[in-house]
Amino acid sequence: MENKIIHHFVKKKRRKLFLEYAKEMEENMKRSLTCSIDQEIFRNPTLLTCGHTFCLTCVKKLIEIAKEKGQNTFPCPLCKHNNNVQEEEFKPNHLAKSQVETLTLRCRNTGCNQLLKGCEWEKHEEEECDYRRCKCKNRANGCLFESAYKDIHPHLMEDCEHYACKYQKYGCSFLGRKDSIIQHCQNNECIYHKLRGFLKGTYEKQCREIADLKYKLNQQSEQLGLLENRVRNEITGNNNNHYDNHYDDDETINYSSNNNNDTSDEEDTNSD
Ligand SMILES: [Zn+2]
Ligand SMILES: [Zn+2]
Ligand SMILES: [Zn+2]
Ligand SMILES: [Zn+2]
Ligand SMILES: [Zn+2]
């Protein structure tokens, strides 16, 4: 009986020691898989040429800072070895990645706290977690609402006042809640409905006018070119007469050679 009790306690003690050991092992592993730049478990662990590993986004930030300073290299934060800013030099650290995947990690989004397998952790935080930060899809219309993913849907359904009329691109500037947009269009309040015919007519008229103006502009620049040539020819012709200069212009050459011919003919006749 006494032996049985002792055996039971030994077994319990062993189990406790084993669990403590396993926990310590996991903590050590987490420490060695922690990026020394952002103090988080590696995301897309990336090897620098010196052999040290950091998250891909952390490496990209180092590169960005170096480029802003106009430098071609950046020092490794751990060993100060100079690494080239060329990103293709850096390879993923597959070993670290597979080790991260064996860990049990907690979601870091505020309010979530869920424990996950390392292989599901990143996807959960960025794409699946109800607590991941999201912006309202109507931010292009001026909505600044930002919240946990789970609160975006109620905002869009009830609160968001930044839905735009579907005829926004035609000049309707109406913004409102989802239901008031429907009313706006159904009640023909939309400026687009009122002015559709007018706008269409004006648009087509303007298109015709633009085409017409383009045609005239082409014609005028053609005429201008001809006029310019004529003026240039006249000027160079005159210059030739006065100063006997040589110009590349065909007409001028003909003109002057004709003159020469004339004179030589005259001379010929004279000599005869
Ligand atoms: Zn990092
Ligand atoms: Zn290093
Ligand atoms: Zn989460
Ligand atoms: Zn909104
Ligand atoms: Zn409208």
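What counts and how
Residues numbered from 1 in each chain as written. Chains lettered and ligands numbered in written order. Predicted model: local features only at pLDDT ≥ 70, side-chain atom pairs only at ≥ 80, totals over all residues. Helix = DSSP H or I, 4+ residues; strand = E, 2+ residues; numbered from the N terminus. Buried ≥ 20, exposed ≤ 12 C-beta atoms within 10 Å, placed from the backbone. Contact = placed C-beta atoms within 7 Å. Pairing = 2+ DSSP bridges. Axes fitted to C-alpha atoms, helices over the stretch in contact; angles between N-to-C directions. Core = buried A, V, L, I, M, F, W, Y, C linked by C-beta atoms within 7 Å. pLDDT = per-residue confidence, 0-100.

1. What about the overall build of the protein chain?
Right, on to step 1. Scanning the protein chain from terminus to terminus reveals 8 helices and 11 strands.
Right, on to step 2. Within the protein chain, the fraction of its 272 residues that count as buried is 9%.
Right, on to step 3. By sequence separation, contacts in the protein chain at least 24 residues apart represent 26% of the contacts at least 6 residues apart.

2. As for the environment of Cys107
Right, on to step 1. Considering the arrangement of structural elements, one finds Cys107 in the loop between strand S6 (104-106) and strand S7 (115-117).
Right, on to step 2. Distance from Cys107 to Glu125, taken between C-alpha atoms, is 6.2 Å for residues 18 residues apart in sequence.

3. Observations regarding the sheet that holds strand S1 (residues 45-47)
Right, on to step 1. With antiparallel pairing, the 3 strands of this open sheet are ordered in space as S2-S1-S5. Each edge of the sheet is formed by a strand with only one pairing partner; in this case those strands are strand S2 (53-55) and strand S5 (91-92).
Right, on to step 2. Contacts between helix H2 (residues 56-68) and the sheet are confined to S1 and S2, with S2 contributing the most and set at about 95° to the helix.

4. Side note on unusual backbone geometry
Right, on to step 1. In this structure, Lys80 is a non-glycine residue whose phi angle is positive, near 70°.
Right, on to step 2. Note on Lys80: 8 C-beta atoms within 10 Å, which makes it exposed.
Right, on to step 3. Positive phi, normally seen in glycine, also occurs at Asn113, with a value near 70°.

5. Observations concerning the nonpolar core
Right, on to step 1. One finds Leu33, Cys35, Ile41, Phe42, Phe54, Cys58, Val59, Val100, Leu105 and Trp121 forming the largest nonpolar core, which totals 10 residues.
Right, on to step 2. Setting aside residues up to four positions removed in sequence, Phe42 forms contacts with Leu33, Cys35, Thr53, Cys55, Ala96 and Val100.

6. Details of the confidence of the model for the protein chain
Right, on to step 1. Confidence in the prediction for the protein chain averages 85 pLDDT; 86% of positions are at 70 or higher.
Right, on to step 2. Model confidence for the protein chain, summarised as mean pLDDT per element, is weakest for helix H8 (residues 250-271) at 44 and strongest for strand S9 (residues 146-148) at 96.
Right, on to step 3. Confidence drops under a pLDDT of 50 for residues 243-272, and excluding neighbours within four residues, the segment shows 15 contacts in the predicted structure.

7. What to know about the environment of Gly111
Right, on to step 1. Within the secondary structure, Gly111 sits in the loop between S6 and S7.
Right, on to step 2. The exposure class of Gly111 is exposed, given the 10 C-beta atoms found within 10 Å.
Right, on to step 3. Spatially, the C-alpha atoms of Gly111 and Asp130 are 9.2 Å apart, while their sequence positions differ by 19 residues.
Right, on to step 4. Excluding residues that lie within four positions of it along the chain, Gly111 makes contacts with Tyr131 and Ala148.

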